[in-house]
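One letter stands for each residue in the lines below.
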2 protein chains.
Amino acid sequence: MDEQGAVAAIRAIHEVFMLTEAGATGPLAELGLTPATAQALWALEPDEEPPSMKTVANRLHCNAPNLSFVADQLATRGLVQRVPDPRDRRSRALILTEKGLQVRAQVMRTTVESSPLSALDPDDMATLLSILDKIVPTLDRLRDS
Amino acid sequence: MDEQGAVAAIRAIHEVFMLTEAGATGPLAELGLTPATAQALWALEPDEEPPSMKTVANRLHCNAPNLSFVADQLATRGLVQRVPDPRDRRSRALILTEKGLQVRAQVMRTTVESSPLSALDPDDMATLLSILDKIVPTLDRLRDS
DNA sequence: CTTAACAAGTTCGAGACTCGAAGCAAGTTG
DNA sequence: CAACTTGCTTCGAGTCTCGAACTTGTTAAG
């Protein structure tokens, strides 16, 4: 066990995350977004089949009541819509509205600008991604349940 | 600008952080710790000179009222003590108690066990750290503003 | 078919987290 | 000394998260 290395890596990852979030919080607030709502927008890929509430909750590692709360905020701001799934009328898919699409793009631009990760050169960026890919489940594996 | 890569890297970092936190939250709760209090313990290095409230707030990227709140919780649980700085009697240093020292060690063990980062082999771990070190200010640079 | 068990979302209430504003005591400057 | 600044605290409000209970819809057993 390389416990030393793991501790250092956890600390570094944590710091990068906090720097990114701390830097982006201000600009995102001007878009009317809180950290939680911005994070939820990240989880909604425009090109994929609209995910159910449950799928999104899994992606965000939060529970159903929490996602209901966040989805309400996004819906109130006109960024998402809940559409019933015809194959299972209990389920509702979250889809981005036209405005939601634009705001999401802005969120990602703003976050990239705020993140120290943007300072990495392409080689380091590629290496970093290849390493993290080994331990991070892909989006596909974060589907329902 | 490799915006694509930056987006992917931010997403991956975010996911690793959330997996680590989600995995550790349960065990930490059994130690009587919330995410915020556990995070604060990480920022208190036993081997360094006890940092002031302000220094710790900077490290956690939070403001003074927030740190007062978290420090209260740690103090109530007997994990830290506030000791006045004789050179500036406005300032208070946070020091770990004996119990705080032990709990902190347990927090780090638990977090390491919960983190997917522990699955990396030593080479990848070293590479990851060398890349992140390029963009993360070291602890020393996070002293009093 | 009917009943029981289960699953997706929601609502509600409580606790945790974060921050701006205001205040206090101590240090600094002129 | 007076004015200003700084470290910290308190207070109040808003955000975030979750367990419990409920509604609606689906599935399984008999």
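Before any of the text, the structure's been laid out above.
Since this is a predicted model, take the numbers as computed values, not measurements. (Residues numbered from 1 in each chain as written. Chains lettered and ligands numbered in written order. Predicted model: local features only at pLDDT ≥ 70, side-chain atom pairs only at ≥ 80, totals over all residues. Heavy atoms only, no water.)

Colleague: How should I be thinking about the interface of chain B and chain A in this particular structure?
Modeller: Often, the extent of an interface is quoted as the loss of accessible area on bringing the components together. With 47 residues of chain B in contact, the opposing surface of chain A contributes 47 residues. Summed over both sides, the interface of chain B with chain A buries roughly 4500 Å², with 81% coming from carbon and sulfur. Summed over the shared surface of chain B and chain A, the result is 4 salt bridges. The closest approach of N and O atoms between Asp124 of chain B and Lys134 of chain A, which form a salt bridge, is 2.6 Å. (Contact = heavy atoms within 4.5 Å. Buried area = accessible area lost by both parts, 1.4 Å probe. Salt bridge = Lys/Arg side-chain N within 4 Å of Asp/Glu carboxyl O.)

Colleague: Would you mind showing me how to read the protein's contact with DNA strand D here?
Modeller: Taken together, 23 residues form the shell around DNA strand D, and within it Thr34 of chain A together with Met53, Lys54, Ser68 and Arg90 of chain B come nearest. Here a phosphate oxygen of DNA strand D sits 3.4 Å away from a polar atom, N or O, in the main chain of Ala36 of chain A. Within the side chain of Ser91 of chain B, a nitrogen or oxygen atom sits 3.3 Å from a phosphate oxygen of DNA strand D. Each residue belonging to the surface near DNA strand D can be placed in one class, and the counts come to 8 nonpolar, 7 polar and 8 charged. (Near = heavy atom within 4 Å. Polar contact = N/O pair within 3.5 Å; in protein donor to acceptor, adjacent residues only side chain to side chain. Nonpolar A, V, L, I, M, F, W, Y, C, P; charged D, E, K, R; others polar.)

Colleague: When you look at the environment of Ala9 of chain B in this model, what are you seeing that I'm missing?
Modeller: Mapped onto the elements, Ala9 of chain B comes out in helix H1 (residues 3-30). With a relative accessible area of 0%, Ala9 of chain B lands in the buried category. The contact partners of Ala9 of chain B, leaving out residues within four places of it in the chain, are Leu117, Met125, Leu128 and Leu129 of chain A. (Helix = DSSP H or I, 4+ residues; strand = E, 2+ residues; numbered from the N terminus. Buried < 20%, exposed > 50% of the residue type's maximum accessible area, 1.4 Å probe, protein only.)

Colleague: Please clarify how the relation of the copies chain B and chain A should be interpreted in this entry.
Modeller: The operation linking the two copies of the chain is a rotation about an axis combined with a translation along the axis. For the pair chain B and chain A, the relating rotation is 180 degrees, the translation along its axis is 0.0 Å, and the fit reaches an RMSD of 0.0 Å. The two molecules are tied by a two-fold rotation axis, judged by turn and shift. Comparing interface residues between copies, 100% of those in chain B also lie at the interface in chain A; the contact surface is shared. (Least-squares fit on C-alpha atoms with pLDDT ≥ 70 in both.)

Colleague: Mind showing me how you'd approach the protein's contact with DNA strand C here?
Modeller: Close contacts around DNA strand C come from 23 residues, with Met53, Lys54, Ser68 and Arg82 of chain A together with Thr34 of chain B the closest. Here, DNA strand C places atoms within 4 Å of the protein, and 75% of those atoms are sugar or phosphate. Taking Arg92 of chain A, its main chain carries an N or O atom lying 3.3 Å from a phosphate oxygen of DNA strand C. Between a phosphate oxygen of DNA strand C and a main-chain N or O atom of Arg89 of chain B, the distance comes to 3.0 Å. The set of elements that each furnish at least two residues to the surface near DNA strand C consists of helix H3 (53-60), helix H4 (64-76) and strand S2 (88-96) of chain A together with helix H2 (35-42), helix H4 (64-76) and strand S2 (88-96) of chain B. Taken together, the residues of the surface near DNA strand C break down into 8 nonpolar, 7 polar and 8 charged.

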